[in-house]
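Chain by chain, the residues run as shown.
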Amino acid sequence: MLLCFLCVFLKYCLTAPDTYIIICMVIGFFELKGDMLRQVWARMGDFMNTAIKFDMHCHTKEGSLDGKLPIAEYIRLLKSDGFGGMLITDHDSYNGYRYYRDNLKDKIHDFVVLKGIEYDTIDAGHILVILPENVKLVLMECRWLPVKLLIDVVHRHGGILGPAHPCGERHISYARTRAYRKNPDITARFDFIEAFNACETSDSNMSARRLAFRYRLPMLGGSDSHCADCAGTAYTGFQESISTESGLIDYIKARKPLDYGGTRYEGTVKDKLGIFNHVLVEGFWFYNRFASLYRGHKRRAALAALKQ
């Protein structure tokens, strides 16, 4: 029992700040013998050796306005780093996945590309959404639904969803939005939490993990990459092969073993801009607001179609 506890605890600590100090404190507290310690690391190593790695938060040049990396190059970089797949999560758009489907799918082998989206809600920031491969919802490309309605729609159609970088920037991160402040228990309705985002600080990722533990939600890792240098800096590991969106949904719903982690990417826009990044964040919020109002008729039409 103690051995199982330590495996879980050490996995939690692996991407935390001062990991070495934390592990040493645990070892000292329990006065572990050498054989038990070797068993702990062996079990963790066995998982990592058998895990199939996916980058679960990927932006492409073909699908995101701020994406700089063509999907063909993204795939090449991930394959060279030993990844088995990726989840395309462009902003409010499936255009990146459409480009892959129409131009690359028949040419790519031994690598899985799945369709997702990073949806901009009106009250809860950015939410990662994964729908079954046979479900096509125009509504997912119409930003600014309230999060409660988004959850209802996604679950009604057999999908899963969870907040991206939940403890990051104001407006775009779930735990820093009015929906969370008003009713934090909405979190329990999510299917997972992005617990490691390579573009977030260690404090932000630590807070995301705490949120996931509080609501007992599966934890995923993703790079949130928009450029080549960031691609593959974070991963989610699966112990079974995943080849379809439905397979991914079933795996996460079943709470099967997951591993996640990575290294922080130091070249983000907010790293370069420093305190001036707040101006960009506020500007992005106003841009989204304007875009939402401009496309409101499309969103209303898509909602009306769901009710028919």
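Note: the structure precedes this text.
To keep things clear, this report deals only with the structure shown in the data block. (Residues numbered from 1 in each chain as written. Predicted model: local features only at pLDDT ≥ 70, side-chain atom pairs only at ≥ 80, totals over all residues. Heavy atoms only, no water.)

Grouped together as the largest cluster of nonpolar side chains are 39 residues, with contacts concentrated most on Val-129, Leu-131, Leu-139, Met-140, Leu-150, Leu-161 and Phe-190. Those elements that provide at least two residues to this core are strand S4 (117-120), strand S5 (126-130), helix H6 (147-156), helix H7 (178-182), strand S7 (193-197), helix H8 (202-214) and helix H12 (296-307). Looking at this core, the element that brings in the most residues is H6, giving 5 residues. Setting aside its immediate chain neighbours within four residues, Leu-161 contacts Ile-127, Leu-128, Val-129, Leu-150, Ile-151, Val-154, His-155, Phe-190, Asp-191 and Phe-192. (Core = buried A, V, L, I, M, F, W, Y, C linked by side-chain atoms within 4.5 Å. Buried < 20%, exposed > 50% of the residue type's maximum accessible area, 1.4 Å probe, protein only. Helix = DSSP H or I, 4+ residues; strand = E, 2+ residues; numbered from the N terminus. Contact = heavy atoms within 4.5 Å.)

Here the focus is the pattern of salt bridges. Scanning the model with the defined rule gives 8 salt bridges in all. Here Asp-92 ties to Arg-143 by a salt bridge, and the two come within 3.8 Å at their closest N and O atoms. Placement of Asp-92 in the loop between strand S2 (85-88) and helix H5 (95-103) and of Arg-143 in the loop between S5 and H6 is noted, with a sequence separation of 51 residues between them. The class for Arg-143 is buried, based on a relative accessible area of 9%. A salt bridge links Arg-264 to Glu-266, with the shortest nitrogen-to-oxygen separation between them at 2.9 Å. (Salt bridge = Lys/Arg side-chain N within 4 Å of Asp/Glu carboxyl O.)

A few words now on H5. Listed in full, the buried residues belonging to H5 are Gly-96, Tyr-97 and Tyr-100. Seen along its axis, H5 keeps its buried residues to an arc of 95°; they face one direction. Contact partners of the buried residues in H5: helix H4 (71-80), S2, strand S3 (112-115) and helix H9 (245-253). (Arc of directions from axis to C-beta.)

One open sheet holds the 5 strands; their spatial order is S3-S2-S1-S9-S10, and the pairing between them is mixed. Two strands close off the open sheet at either side, each with one partner strand: S3 and strand S10 (258-262). Recorded for the sheet is a direction-independent mean angle of 25° between the axes of neighbouring strands. Alignment of S2 against S3, held across 4 bridges, turns out to be parallel. Opposite Met-86, over in S3, you have Val-113 as the bridge partner. Sitting on the sheet, H4 touches strand S1 (52-58), S2 and S3, and the angle it makes with S2 is about 145°. (Pairing = 2+ DSSP bridges. Axes fitted to C-alpha atoms, helices over the stretch in contact; angles between N-to-C directions.)

Further remarks concern the packing of aromatic side chains. If you walk through the whole model with that rule in mind, you get 5 aromatic pairs. Note on Phe-54 and Phe-238: the rings are 5.4 Å apart at their centroids and 85° apart in plane angle, and the pair reads as edge-to-face. Remark: Phe-238 occurs in strand S9 (residues 234-238) and Phe-54 occurs in strand S1; sequence separation between them is 184 residues. A residue is classified by how much of its surface remains accessible, and Phe-238, at 0% relative accessible area, is buried. Relative to Tyr-180, the ring of Tyr-174 has its centre 5.2 Å away and its plane inclined at 70°; by these criteria the two rings are edge-to-face. (Phe/Tyr/Trp six-rings, centres within 6.5 Å; stacked < 30°, edge-to-face > 60°.)

Before going further, it helps to spend a moment on the sheet that holds strand S6 (residues 160-163). In space, the 3 strands of this open sheet follow the order S4-S5-S6, with antiparallel pairing throughout. Each end of this open sheet is capped by a strand with a single partner; those strands are S4 and S6. Here the average twist between neighbouring strands, direction ignored, is 30°. Relative to S5, S4 runs antiparallel, the two sharing 4 bridges. Counted as the bridge partner of Glu-118 is Leu-128 from S5. Here H6 sits on the sheet in contact with S4, S5 and S6, set at roughly 150° to S6.

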